[in-house]
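What follows is each chain in one-letter form.
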Amino acid sequence: MIDLSKINPDRPVLIYGPTASGKSGLALQIAKAQGGVIVNADALQVYQGWPILTAQPPAEDLAKAPHHLYGHLPYDAPYSVGDWLRDVSPFLDSNAPRPIIVGGTGLYFTALTEGLADIPATPPAVRTRADAIALTDLIADLDAETSAAIDLNNRVRVQRAWEVQEATGRSIRQWQADTPPPLLPLDDCTALALMPDVDWLSTRIAQRFDVMMDMGAKAEAKNMAPIWDPTAPSSKAIGAAEMIQMLNGEITADSAKEAVIIATRQYAKRQRTWLRSRMKRWHQIALPDVGDTK
């Protein structure tokens, strides 16, 4: 178990980890032992509509400690990293209760602790043009500094850099150089990163699907079906599309389970990669050493 005596009760706590790693349970453990409010840092748990599939804290946990920024947005509301930073900012006030910020969206934590470049949103017309351009041509249009700094095999990153350059007339590296100071530097908080054993986590992921079904994931999908929009931000929740397909008789329950487990494991792998590459200064905690928290 984590030795809570080593966690300063007067400093904000950050908890990052892959899905199903037990970070929400750890946050609640700290809040019950030391006080404080739990603040969500997961890009899909901010939405209404899929509380079970997105593993939002259940009612019994919500009753044990204050929780914020969970399910506070309509299912189809746009929401950005900048929006989250504005929403989390009041909890960082020196007169506010100590925040315990927990979630699996690495970009939220990076923006919080390193700052976020204030890059204007890409106009839809520019994105449409970029979608139709070959990767090699996108790369050819980038400035040398940007090309040297990003993974040129990653189309998403290359296209993002191209779109910024095309829409603003400045390279993404120039925008990043003007990044304002972070809201919460790492030196001012306790930053915990959960690094689970792969096999241990895979077992938990497989078990969690059955738990979600027992909690009412199918009923949740039935409630969402009349307003189902695959383009809505909340529809990115792992399992949402599969649950709707299952309700419509397009796939079997076993097929839905298999697809959700595979997608969840792939997502957890990306989260572990983010941890290793972007959170080297965080205190990394091997799992299952912290215990089987939920």
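Residues numbered from 1 in each chain as written. Predicted model: local features only at pLDDT ≥ 70, side-chain atom pairs only at ≥ 80, totals over all residues. Heavy atoms only, no water.

Draft legend 1. Expanded view of the overall build of the protein chain. Across its full length, the protein chain carries 13 helices and six strands. Counting over 294 residues, the protein chain shows a buried share of 45%. A separation of at least 24 residues holds for 79% of the contacts in the protein chain among residues at least 6 apart in sequence. A total accessible area of about 14,700 Å² is found for the protein chain, and carbon and sulfur atoms account for 52% of it. (Helix = DSSP H or I, 4+ residues; strand = E, 2+ residues; numbered from the N terminus. Buried < 20%, exposed > 50% of the residue type's maximum accessible area, 1.4 Å probe, protein only. Contact = heavy atoms within 4.5 Å. Areas by Shrake-Rupley, 256 points an atom, 1.4 Å probe, with all protein chains shown as cover.)

Draft legend 2. Looking closely at the environment of threonine 203. Here threonine 203 lies in helix 10 (residues 198-215). In this structure, the C-alpha to C-alpha distance between threonine 203 and alanine 20, residues 183 residues apart in sequence, is 9.7 Å.

Draft legend 3. Summary view of the confidence of the model for the protein chain. Mean pLDDT over the protein chain works out to 94, with 98% of the residues at or above the 70 mark. Here residues 290-294 is modelled with pLDDT under 50, and outside its nearest four sequence neighbours on either side it reaches 20 contacts, counting other chains as well. (pLDDT = per-residue confidence, 0-100.)

Draft legend 4. Looking closely at the packing of helix 10 against helix 13 (residues 253-278). Direction vectors running N to C along helix 10 and helix 13 enclose 140 degrees, while the axes themselves pass 10 Å from each other. The angle between helix 10 and helix 13 places the two elements in the oblique class. Helix-helix and strand crossings are classified by hand; for helix 10 and helix 13 the assignment is right-handed. Residue-level inspection shows Val198, Leu201, Ser202, Ile205, Ala206, Arg208, Phe209 and Asp210 of helix 10 in contact with helix 13, the latter providing Ala256, Lys257, Val260, Ile261, Thr264, Arg265, Ala268 and Arg272. Split by residue class, the contact of helix 10 with helix 13 holds nine nonpolar, two polar and five charged. (Axes fitted to C-alpha atoms, helices over the stretch in contact; angles between N-to-C directions. Parallel < 35°, antiparallel > 145°, perpendicular 65-115°, else oblique. Left-handed = near helix turned anticlockwise from the far one by under 90°. Nonpolar A, V, L, I, M, F, W, Y, C, P; charged D, E, K, R; others polar.)

Draft legend 5. Seen up close, the sheet that holds strand 2 (residues 37-40). Spatial strand order, 3-2-4-1-5-6: six strands in an open sheet with parallel pairing. One side of each edge strand has no neighbouring strand; the edge strands of this open sheet are strand 3 (67-68) and strand 6 (283-287). For strand 1 (residues 13-16) and strand 4 (residues 99-103), the ladder comprises four bridges, and the chain directions are parallel. For isoleucine 15, the partnering residue across the bridge sits in strand 4 and is valine 102. (Pairing = 2+ DSSP bridges.)

Draft legend 6. The arrangement of helix 11 (residues 217-224) in detail. Every buried residue of helix 11 is listed here: Ala217, Glu220, Ala221 and Met224. Mapping the buried residues of helix 11 onto a view down its axis gives an arc of 100 degrees, with all of them on the same face. Structural note: helix 11 exposes Lys222 and Asn223 on the side pointing more than 90 degrees away from its buried face. Its buried side turned inward, helix 11 meets helix 10 and helix 12 (240-247). (Arc of directions from axis to C-beta.)

Draft legend 7. Main features of the packing of aromatic side chains. Applying the stated criterion to the full structure yields four aromatic pairs. Seen in terms of ring centroids, tryptophan 50 and tryptophan 228 are 6.3 Å apart; in terms of plane orientation they differ by 90 degrees. Their pairing is edge-to-face. Remark: tryptophan 228 occurs in the loop between helix 11 and helix 12 and tryptophan 50 occurs in the loop between strand 2 and helix 2 (59-62); sequence separation between them is 178 residues. For tryptophan 228, a relative accessible area of 24% corresponds to the partly exposed category. Ring plane angle 85 degrees and centroid distance 5.4 Å describe the contact between phenylalanine 109 and tryptophan 282, whose orientation is recorded as edge-to-face. Residue phenylalanine 109 is found in helix 4 (residues 106-114), and its partner tryptophan 282 is found in the loop between helix 13 and strand 6; the two are separated by 173 residues along the sequence. For phenylalanine 109, a relative accessible area of 0% translates into the label buried. An aromatic cluster is present here, built from Tyr16, Phe109 and Trp282 joined pairwise through their rings. In this structure, arginine 170 is placed above the aromatic ring of tryptophan 175, and the distance from its NZ or CZ to the ring centre is 4.7 Å. (Phe/Tyr/Trp six-rings, centres within 6.5 Å; stacked < 30°, edge-to-face > 60°. Lys NZ or Arg CZ within 6 Å of the ring centre and 35° of its normal.)

Draft legend 8. Structural context of the pattern of salt bridges. Enumeration over the complete set of coordinates arrives at seven salt bridges. Between arginine 281 and aspartate 187 there is a salt bridge, and its shortest N-O distance comes to 2.8 Å. Of this pair, arginine 281 sits in the loop between helix 13 and strand 6 while aspartate 187 is found in the loop between helix 9 (172-177) and strand 5 (190-196), placing the two residues 94 residues apart along the sequence. For arginine 281, a relative accessible area of 60% gives the class exposed. (Salt bridge = Lys/Arg side-chain N within 4 Å of Asp/Glu carboxyl O.)

Draft legend 9. Representation of the side chain of threonine 122 within the structure. Relative to the assigned elements, threonine 122 resides in the loop between helix 4 and helix 5 (124-131). What makes threonine 122 buried here is its relative accessible area of 14%. Reaching out from threonine 122, the side chain makes a polar contact with the side chain of arginine 160 at a distance of 3.4 Å. Aside from chain neighbours lying at most four places away, what touches threonine 122 is Arg127, Arg160 and Glu163. (Polar contact = N/O pair within 3.5 Å; in protein donor to acceptor, adjacent residues only side chain to side chain.)

Draft legend 10. Spotlight on helix 8 (residues 155-168). For helix 8, which comprises 14 residues, the first-to-last C-alpha distance of 20 Å matches the rise-based estimate of 20 Å (1.5 Å per residue) to within 8%. Against the buried residues of helix 8 lie helix 5, helix 6 (135-141), helix 7 (144-149) and helix 9. Near the N-terminus of helix 8, the side chain that reaches the backbone nitrogen of valine 156, with its oxygen 3.1 Å away, is that of asparagine 154. Just past helix 8, the residue glycine 169 takes up positive phi, approximately 80 degrees. (Expected span 1.5 Å × (residues − 1).)

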